[in-house]
Protein chains: 2
Amino acid sequence: MATLQDIGVSALINLFGAFLFLIAFAVLRIQPINDRVYFPKWYLSGDRNSPRRSDGTFVGKFVNLNFKTYFTFLNWMPQAMKMSESEIIRHAGLDSAVFLRIYTLGLKIFAPAMVLALAVLVPVNVSSGTLFFLKKELVVSNIDKLSISNVQPKSSKFFFHIGVEYLFTLWTCFMLYLEYNNVASMRLQYLATQRRRAEQFTVVVRNVPSMPGHTIPDTVDQFFKTNHPEHYLCHQAVYNANTYAKLVKQREKLQRWFDYYVLKHQRNPHKKPTCRTGFLGLWGKKVDSIEYYQQQIKEFDHSMSLERQKVLKDSKLMLPVAFVSFDSRWGAAVCAQTQQSKNPTLWLTSSAPEPRDIYWQNLAIPFISLTIRKLVIGVSVFALVFFYMIPIAFVQSLANLEGLEQVAPFLRPVMRLDFIKSFLQGFLPGLALKIFLWILPTVLLIMSKIEGYIALSTLERRAAAKYYYFMLVNVFLGSIIAGTAFQQLDSFLHQSPSQIPRTIGVSIPMKATFFITYIMVDGWAGIAGEILRLKPLVIFHLKNMFLVKTERDRERAMDPGFVDFKETLPSLQLYFLLGIVYAVVTPILLPFILIFFAFAYLVYRHQIINVYNQQYESCGAFWPHVHGRIIASLLISQLLLMGLLASKEAADSTPLLIILPILTLSFHKYCKHRFEPAFRKYPLEEAMAKDKLEKETEPELNMKADLADAYLHPIFHSFEEEEDEEQQLEEVADVRVDKHETWSASPVTELGTPSHHHQVYNSSSPSSHYASAYEQSSSQYEYHYEAHRHEEHEYRYN
Amino acid sequence: MATLQDIGVSALINLFGAFLFLIAFAVLRIQPINDRVYFPKWYLSGDRNSPRRSDGTFVGKFVNLNFKTYFTFLNWMPQAMKMSESEIIRHAGLDSAVFLRIYTLGLKIFAPAMVLALAVLVPVNVSSGTLFFLKKELVVSNIDKLSISNVQPKSSKFFFHIGVEYLFTLWTCFMLYLEYNNVASMRLQYLATQRRRAEQFTVVVRNVPSMPGHTIPDTVDQFFKTNHPEHYLCHQAVYNANTYAKLVKQREKLQRWFDYYVLKHQRNPHKKPTCRTGFLGLWGKKVDSIEYYQQQIKEFDHSMSLERQKVLKDSKLMLPVAFVSFDSRWGAAVCAQTQQSKNPTLWLTSSAPEPRDIYWQNLAIPFISLTIRKLVIGVSVFALVFFYMIPIAFVQSLANLEGLEQVAPFLRPVMRLDFIKSFLQGFLPGLALKIFLWILPTVLLIMSKIEGYIALSTLERRAAAKYYYFMLVNVFLGSIIAGTAFQQLDSFLHQSPSQIPRTIGVSIPMKATFFITYIMVDGWAGIAGEILRLKPLVIFHLKNMFLVKTERDRERAMDPGFVDFKETLPSLQLYFLLGIVYAVVTPILLPFILIFFAFAYLVYRHQIINVYNQQYESCGAFWPHVHGRIIASLLISQLLLMGLLASKEAADSTPLLIILPILTLSFHKYCKHRFEPAFRKYPLEEAMAKDKLEKETEPELNMKADLADAYLHPIFHSFEEEEDEEQQLEEVADVRVDKHETWSASPVTELGTPSHHHQVYNSSSPSSHYASAYEQSSSQYEYHYEAHRHEEHEYRYN
């Protein structure tokens, strides 16, 4: 059992670590050389083109010489708070703004709860202790004396706890209601003020049936002309670009070799690099490498353009999927929300995600396969969630000092040192968990991909859900049950199942210290690490040293990153769970949670303003999940409190507590009806209003040209740009008329400064509006392509 | 423990009872005087106007004198089988045809299952008995020797049972798939071939927001003109007719007095009846009763017409509900399936039920109240389901002979008589249950009404669902657990909870005899009673004797009734559950189930062809529930088999059995995706095809006039007819132009013989197409009104 002293040591370590990180951050961020690591968002939005510098000297270009700024090292905090919410929405999108609201929701829920719990429950708990008057040291050294475990069984003082649980539930529900209302209206307002975008007019249609004698585009055209005659405009077929993607990969390989030889030549300009053309370069004719690869790439480009034409023209390579566009938002909303065919597995329509949000690989999965995939992944997730528990339980029981001594008795002398002991008990369990959790999100994302969702945002949300279940079972329940199982395994095996709820109930207050250290290690230190951006910092400087030649390359080397919802949301939800469960049981945990929320809010506000650049905009589509999981946490806390009180023989209170889950569930149901449709369906009233407004302001709009290839696979776009320059394929490009003025696919520019945006990507015109989509799925290729052009240029000059 | 002999006695009693009923039916049905009781459907469909008679004598008008027909008393069975399914659909609607398919599904599932189980499992079970070679009498007298309980623990013979369970599950799922597919396509085909009907073009809109300064019709008009400009046609407001309904009730009272005095006068034509006008007729002026009431009714009619005008004109009496009509099926389908407003609790649209299917009282319930109502009813249903169990368990344990002897020891000598003993054991438990279940459906229907559903069909489905939960817990689980609890209560209290599944597992085969008697009492005898129609027979002849004066009155006295889905569906589903659970455990139960399904199929086929006249047509909307509950039964059977095998210490088999529920659930999920949308949404493809066809055949259609008051509250229609005759209110009637030719709201006539229909209701013209809706909600009133007119006529002649 960890003492208050252990927690104190752990808190000190973590506070010291966090402080170190903050100092490091404060120093690093004001160095001009790091400007692109700590403020990339400003470069992307076009507000900044070169680092701020303190003076004009050469050294001042890299190091901050204005020593005054070193003394105001925490001034990023007030700076982060300056920007208003509406400015954040304009600057970073709605997703980021709604994400920040989760933290303020945490503060709003837990701050009053903490005041109430500390003012009412802690005195009640402390005054109940039978040990209180015996030995002061003993009382103070054990955190349990502040928790509900200190109250004697059958005490009528438990009614304080029940009362606080009622108040807390009501307060939480009230806050949740306000917040859901807020977010839903923010979402609708955001959608209403958005500029015209392809996805507003487009519906993705899956499982197009194959008609004998008709190509897929013909079938689609005919179907929508018949069934949506008034609003159907055009559609975009989806091609099976697997062969083409292979060619792209091979070309990248050639490009890498070319780059390698160009670099080699630059370092040693007197010797022309050569290579052999045979297998693995071991035999064959010796040739000039640079010329050879240049030639190869040229030939490859030719065959790629042929393959590309083939893909675009061969009807057999078309997938039974189409992006169908309408001449109005109303028409698209109607098509997305209705059932088209009498066979409900054909012609499945749904609102199209924005082009950069689409996960192209999953578009072609047929309906029957989806059912099987979901079944298989469901079973796998279950197995992963429940059998992953075994190693965690093992490591945690090792991290328990008594367990460790038994397993490795030779370590006993070391572990008897007070400091080491405190360190181990305070630090190890959290760390072990953290390592386990590190590789998991990637695995879960892959699982979600297999399930067949077609939008990246949905994929992330599904992965987040899986991660949450995992954390719920393994971090929360696993720590409560398995952690104490080492002590109680014996009794577990020999008692009847009705005893188990009691055992869990008894375990909850015992694990409070573990979760406090977890909050400090995972929460505090994690957030401090978050702001330091150590990994991007190192990578940026490495790239800067070895790869960057021009200012544009420097821009490419800059990695703004994005808020990784699939990891942050589940952890946040876990903190909510901890706070809600322990609010009544061990209120002393609440200050730790509150500090986490406040600190994380500051840090993420800073990061969102200065660093992150989101991949896509889902308009806060994750909020229903956040809401639902907080409700689930409330239910869990109510059930666990019931179990705990039962173990305290306060069974009279059960009827009082049974009402709470029923009320909470009805509240959830009400909210689901009241707010969730705003996140699932686009109301016709809104669609019609926007359509009308637009018709009045821009009556002479050529929609068809605008929509023609908004939903072309990004791999074709990247190639298209190249060809535009070489002017080989005019027939595809001719539809893109003055797209720059009317369309924008990037969230950064749509509300604010499109001109800046073009300035940043100016070399990739005329398709700069595809830049983000294209960057995301073929950035490597593009990078090489860009590099290739620059180096070719230089090479010709040599 | 009931013996085979008990079951034999019970079977004999029930068979004898059923045989008596059948004989009675065979004799009664061929009497011309009963023709309207046993063949009302033919009168309603217009194919028969007067009873068939064997000869022209006076006696032959009432009694069948053709004695040959008495010897072919079972010939209704082949007659019932003659009609093809498509003819049944035309004759009685899709609901009835789909209802019959449930019975054939039962036959298809259980016939092969029975063959397999009797051929494989019974020999396995019997050969395992350790008692088999000891005493033949003992073996034969106990039905358990044929069941799984006869297999020794740890026997490898359990793999036979697991194998059969696999085969049975696969077979059931296969049959369910075929049937769902069939029913779904039948439904779509039925919808496609339907004639034009108001509900195809209409959407019911609930929670219309109140705009200050606008009336509700204005708001609705404006909203739909804005948001569905291309297809919106008109709408019909809904009035709060509570005051008016009170007046209608008072008028009925006056009418009853009038009728009473007219009858009195007819019996004694020489004395004019008189009454006093004061309180309760005790004092006041003495007046001629007939004239007095005639005058009163006339005055009342005048004030009612004033009130009616007030209701129709006062905007404050309008409810925030409207029936919105579109000019095409496409427009209506789109509006019903999409979200209208950005506040998802306003402007709730859904496909309108057909006019006679609407439950008018629930139209005005606001959204927030719905949530609360659902919560309250949910809790009440839970309480009802779980606390109703106590009296049932008590009665059942009384019905157990040993229990009865303990409670009433003075009965012991009587109960020792073998025949009485067998009778009690075979008959009582089923009877006790039956009485308990008798009052329940009405209670559950009232609960569903409180929940706020707006269609009678939905109300019936919801009540059926509640009834099913009730039967599942109380009849099925209650009988298994509580029935044996009398013997095992002691051990229950002293064992750990993990023992309970085993106890249930052990109890299942023990209760086979109870369920066999239940099937015979509730199933066989119930169905035989069903065909005899004793209650309608008696009521018809009573009415015939005392009330009927004209041929039209005789028609009114005829009560065809309808298949009461809210009672029959849950019982059917219980039989499926019993069959599925016992298929592997006690296969000897299957023949009883099969006989039930075959017999019930024949009887209901006969009844649907000759008797029943459905209230409304839901186009088989109940099938997804039937499917879902059979799936649930499969899951229950799999879990119980797992428990049973665990109690047999065949725990090795658990992994084999765990796969089954997972597969069953995925199958259910697949079916839900594949078929359920056909029952929930009207596909746009279909809507568009029907619209086009209609436009080609009838290009000059005045839709607006047709739709104008299709959805007027029936209470206004009934009054309207009266006024039409008196030609007092022309301004409401003027919209109804040649409605007869283009519209039909009755399911009987729409596909076949509209002219016959008009023939039947010809006296209630010009609104004969409302007859059914009107009959349903104000039949009493109408009856009196009609009677009034006839009697008035006669009175004037006197």
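Residues numbered from 1 in each chain as written. Chains lettered and ligands numbered in written order. Predicted model: local features only at pLDDT ≥ 70, side-chain atom pairs only at ≥ 80, totals over all residues. Heavy atoms only, no water.

**What to know about the overall build of chain A**
For clarity, the cut-off: In this description a helix means any DSSP run of H or I spanning at least four residues, a strand means any run of E spanning at least two, and both kinds are numbered starting from the N terminus. Burial classes follow relative accessibility: with a 1.4 Å probe on protein chains only, a residue under 20% of its type's maximum area counts as buried, one over 50% as exposed, and anything between as partly exposed. Contacts: residue pairs with any heavy atoms within 4.5 Å of one another. Here, Shrake-Rupley sampling with a 1.4 Å probe gives the accessible areas, and only protein chains in the shown set may cover a residue.
Assigned secondary structure in chain A consists of 37 helices and six strands. Relative to its full complement of 798 residues, chain A shows a buried share of 57%. For chain A, contacts bridging at least 24 residues in sequence account for 82% of all contacts bridging at least 6. Surface exposure of chain A reaches about 34800 Å², of which carbon and sulfur atoms provide 64%.

**Here's the deal with helix H23 (residues 534–546) of chain B**
Residues and elements named next belong to chain B. Here is the rule: How far a helix is expected to stretch is found by multiplying one less than its residue total by 1.5 Å. Arc, as used here, means the arc of the directions from the helix axis to the C-beta atoms.
With 13 residues, H23 extends 19 Å between its outermost C-alpha atoms, agreeing within 8% with the 18 Å of an ideal straight helix rising 1.5 Å per residue. Every buried residue of H23 is listed here: Leu-537, Phe-540, His-541 and Asn-544. Taken end-on, H23 shows its buried residues confined to a sector of 90 degrees, consistent with a single buried face. In H23, those exposed residues whose orientation departs by more than 90 degrees from the buried face are Lys-535 and Phe-546.

**Considerations on the packing of aromatic side chains**
Residue and element names in this part refer to chain B. To keep it simple, the criterion reads: Between the rings of Phe, Tyr and Trp (Trp by its six-membered ring), a pair exists once the centres lie within 6.5 Å; its type follows the angle of the planes, with under 30 degrees stacked, over 60 edge-to-face, and the other angles tilted. Think of it as a cone above the ring: NZ of Lys or CZ of Arg counts as a charge over the ring if it is within 6 Å of the ring centre and within 35 degrees of the ring normal.
Applying the stated rule across the entire model yields 66 aromatic pairs over all chains. An angle of 65 degrees between the planes, with centres 5.1 Å apart, marks the rings of Phe-514 and Phe-515 as edge-to-face. Residue Phe-514 shares its accessibility class with Phe-515, and that shared class is buried. Between the NZ or CZ atom of Arg-629 and the centre of the ring of Tyr-469, over which it lies, the distance is 6.0 Å.

**A word on the pairing of strand E5 (residues 318–326) of chain B**
All names here are of chain B. Defined as follows: The pairing criterion is simple: DSSP has to find at least two bridges between the two strands.
Of all nine residues making up E5, eight are buried, and the element is well covered by its neighbours. Bridging between strand E1 (residues 202–206) and E5 involves four bridges; their strand directions are antiparallel. Bridge pairing in E5 places Val-204 opposite Phe-323. Both strand E2 (residues 232–239) and E5 contribute to a ladder of six bridges, which runs antiparallel. Residue pairing for E5: Tyr-232 is matched across the bridge by Phe-326.

**Focus on a negative patch on the surface**
Put simply, the rule is: Patch members must show over 30% relative accessible area and no salt bridge, and they are joined within 9 Å when carrying like charges or within 5 Å when they are nonpolar side chains of Val, Leu, Ile, Met, Phe, Trp or Tyr. Any carboxyl oxygen of Asp or Glu that lies within 4 Å of a side-chain nitrogen of Lys or Arg is treated as forming a salt bridge with it. Residues counted as positive are Lys and Arg, residues counted as negative are Asp and Glu, and His and the chain ends are not counted. Charged side chains are reduced to one point each, which is NZ for Lys, CZ for Arg, CG for Asp and CD for Glu.
Together, Glu-230 and Asp-327 of chain A together with Glu-230 and Asp-327 of chain B make up a region of like negative charge exposed at the surface. Within the secondary structure, Asp-327 of chain B sits in the loop between E5 and helix H13 (329–337). We classify Asp-327 of chain B as partly exposed; its relative accessible area is 35%.

**As for the relation of the copies chain A and chain B**
What counts, and what does not: The copies are overlaid by a least-squares fit using only the C-alpha atoms of residues whose pLDDT is at least 70 in both copies.
The transform that puts chain A on chain B rotates by 180 degrees and translates by 0.1 Å along the axis, for an RMSD of 0.2 Å. Such a turn and shift between the copies fits a two-fold axis. A share of 100% of interface residues in chain A that are also interface residues in chain B marks the association as one of identical surfaces.

**So, the interface of chain A and chain B**
Accessible area lost during the coming together of the parts is what is often quoted as the interface size. The cut-off we apply is this: Summed over both partners, buried area is the accessible surface (1.4 Å probe) that two parts give up on being assembled. Two N or O atoms count as a polar contact when they lie within 3.5 Å, although within protein this holds only if one can serve as hydrogen donor and the other as acceptor, and sequence-adjacent residues are included solely when both atoms are side-chain atoms. Each residue receives one of three labels: charged for Asp, Glu, Lys and Arg, nonpolar for Ala, Val, Leu, Ile, Met, Phe, Trp, Tyr, Cys and Pro, and polar for the others, Gly being one of them.
Taken together, the contact between chain A and chain B spans 42 residues of the former and 42 residues of the latter. A combined buried area of about 3800 Å² lies between chain A and chain B, and 65% of that area is made up of carbon and sulfur atoms. Linking chain A with chain B are two salt bridges, by the criterion used here. Residue Lys-342 of chain B pairs with Glu-686 of chain A through a salt bridge whose shortest N-O separation is 3.8 Å. In this assembly, chain A and chain B are joined by 14 residue pairs in polar contact (both at pLDDT 80 or more). Only helix H10 (216–227), helix H13 (329–337), helix H14 (367–387), helix H28 (654–675) and helix H30 (684–697) of chain A provide two or more residues apiece to the side of chain A that touches chain B. Looking at the side of chain A that touches chain B element by element, the count peaks at six residues for H28 of chain A. Across the side of chain A that touches chain B, the residue classes tally to 19 nonpolar, 16 polar and seven charged.

**Concerning the sheet that holds E5 of chain B**
Residue and element names in this part refer to chain B. Keep this limit in mind: Axes, fitted as lines to C-alpha atoms, cover a helix only where it is in contact. Angles between the N-to-C directions of the axes lie from 0 to 180 degrees.
Ordered by their spatial adjacency, four strands build an open sheet running E2-E5-E1-E6, and the pairing between neighbours is antiparallel. The outermost strands of the open sheet, each flanked by one partner alone, are E2 and strand E6 (348–351). Sheet twist, expressed as the mean angle between neighbouring strand axes with direction ignored, is 25 degrees. The sheet contacts of helix H10 (residues 216–227) involve E1, E2, E5 and E6, and relative to E5 the element is tilted by about 35 degrees.

**So, a positive patch on the surface**
All names here are of chain A. A cluster of basic residues, Lys-264, Lys-271, Arg-276 and Lys-286, forms a positive patch at the surface. Among the secondary structure elements, Arg-276 is positioned in strand E3 (residues 274–276). Taking the relative accessible area as the measure of exposure, Arg-276 reaches 37% and is therefore partly exposed.

**Looking at the domain arrangement of chain A**
All names here are of chain A. Applicable threshold: Delimitation of the domains relies on an automatic or database domain assignment.
Splitting chain A by domain gives domain 1 (4–195 + 368–684) and domain 2 (199–353). Taken together, the contact between domain 1 and domain 2 spans 11 residues of the former and 11 residues of the latter. Across the domain 1/domain 2 interface, buried area totals approximately 980 Å², and carbon plus sulfur atoms make up 59% of it. One can count zero salt bridges joining domain 1 with domain 2. Inspection of the region where domain 1 meets domain 2 yields two residue pairs in polar contact (both at pLDDT 80 or more).

**Observations concerning the nonpolar core**
In a soluble, globular protein the nonpolar side chains are often hidden away together inside. Put simply, the rule is: Take the buried residues of types Ala, Val, Leu, Ile, Met, Phe, Trp, Tyr and Cys, join any two whose side-chain atoms come within 4.5 Å, and each joined set is a nonpolar core.
Ranked by internal contacts, the top residues of the largest apolar core, which has 285 residues, are Phe-99, Phe-110, Phe-476 and Leu-578 of chain A together with Phe-99, Phe-110 and Phe-476 of chain B. Excluding anything up to four places from it in sequence, Phe-110 of chain B contacts Phe-168, Phe-576, Gly-579, Ile-580, Leu-590, Ile-593, Leu-594 and Phe-597 of chain B.

**Looking at helix H27 (residues 623–647) of chain B**
Residue and element names in this part refer to chain B. In this model, H27 (25 residues) spans 36 Å end to end at C-alpha, consistent with the 36 Å of a helix rising 1.5 Å per residue. The element H27 is largely enclosed, with a buried count of 19 among its 25 residues. Two residues or fewer past H27, Glu-649 is found with a positive phi of approximately 60 degrees.

**So, the side chain of Asn-207 of chain A**
All names here are of chain A. By secondary structure assignment, the location of Asn-207 is in the loop between strand E1 (202–206) and H10. The exposure class of Asn-207 is buried, given its relative accessible area of 11%. Those residues within four positions of Asn-207 in sequence are excluded, and the remaining contacts are Pro-320, Thr-345, Leu-346, Trp-347, Leu-348, Ile-365, Pro-366 and Phe-367.

**Observations regarding the state of the cysteines**
All names here are of chain B. The cut-off we apply is this: Two cysteine sulfurs form a disulfide in these notes if their separation is within 2.5 Å.
As enumerated under the stated definition, the model contains zero disulfides over all chains in all. Free of any disulfide, Cys-234 has its nearest neighbouring cysteine sulfur in Cys-335, separated by 13 Å. The class of Cys-234 is buried, set by a relative accessible area of 12%. The cysteine Cys-671 is free of any disulfide, with Cys-173 supplying the nearest cysteine sulfur at 7.7 Å.

**Regarding unusual backbone geometry**
All names here are of chain B. A positive phi is found at Asn-207, a non-glycine position, where the angle reads about 55 degrees. For Cys-619, which is not a glycine, the phi torsion comes out positive at approximately 55 degrees. With respect to the helices and strands, Cys-619 occurs in the loop between helix H26 (590–610) and H27. Taking the relative accessible area as the measure of exposure, Cys-619 reaches 7% and is therefore buried.

**Considerations on a nonpolar patch on the surface**
All names here are of chain A. Judged by side-chain polarity, Leu-534, Val-538, Leu-542, Met-545 and Phe-546 come together as a nonpolar surface patch covering roughly 530 Å² of accessible area. Topologically, Leu-542 is positioned in helix H23 (residues 534–546). For Leu-542, a relative accessible area of 43% corresponds to the partly exposed category.

**So, the environment of His-270 of chain B**
Inspection of the secondary structure puts His-270 of chain B in the loop between helix H11 (242–267) and strand E3 (274–276). When the C-alpha atoms of His-270 of chain B and Leu-701 of chain B are compared, they prove to be 59 Å apart, with 431 residues separating the residues in sequence.

**A word on the sheet that holds strand E2 (residues 232–239) of chain A**
Residue and element names in this part refer to chain A. One open sheet accounts for four strands, arranged E2-E5-E1-E6; its pairing is antiparallel. The open sheet terminates on both sides in strands that have one partner only, identified here as E2 and strand E6 (348–351). Strand after strand, the sheet turns through a mean of 25 degrees between neighbouring axes, direction not considered.

**What about the packing of H30 of chain A against H10 of chain B?**
The line we're drawing: For this classification, under 35 degrees means roughly parallel, over 145 means roughly antiparallel, 65 to 115 means roughly perpendicular, and everything else is oblique.
As a packed pair, H30 of chain A and H10 of chain B sit with axes 9 Å apart at the nearest point and diverge in direction by 60 degrees. Regarding the angle of H30 of chain A to H10 of chain B, the classification is oblique. Between H30 of chain A, through Leu-684, Glu-685, Met-688 and Lys-692 of chain A, and H10 of chain B, the contact on the second element is made entirely by Phe-223, Thr-226 and Asn-227 of chain B. Residues that form the contact of H30 of chain A with H10 of chain B fall into these classes: three nonpolar, two polar and two charged.

**Brief notes about the pattern of salt bridges**
Residue and element names in this part refer to chain A. All chains considered together, the criterion is met by 30 salt bridges over all chains. With a closest N to O distance of 3.0 Å, Glu-354 and Arg-356 form a salt bridge. What emerges from the salt-bridge pattern is a single network uniting Glu-85, Arg-101, Lys-108 and Glu-179.

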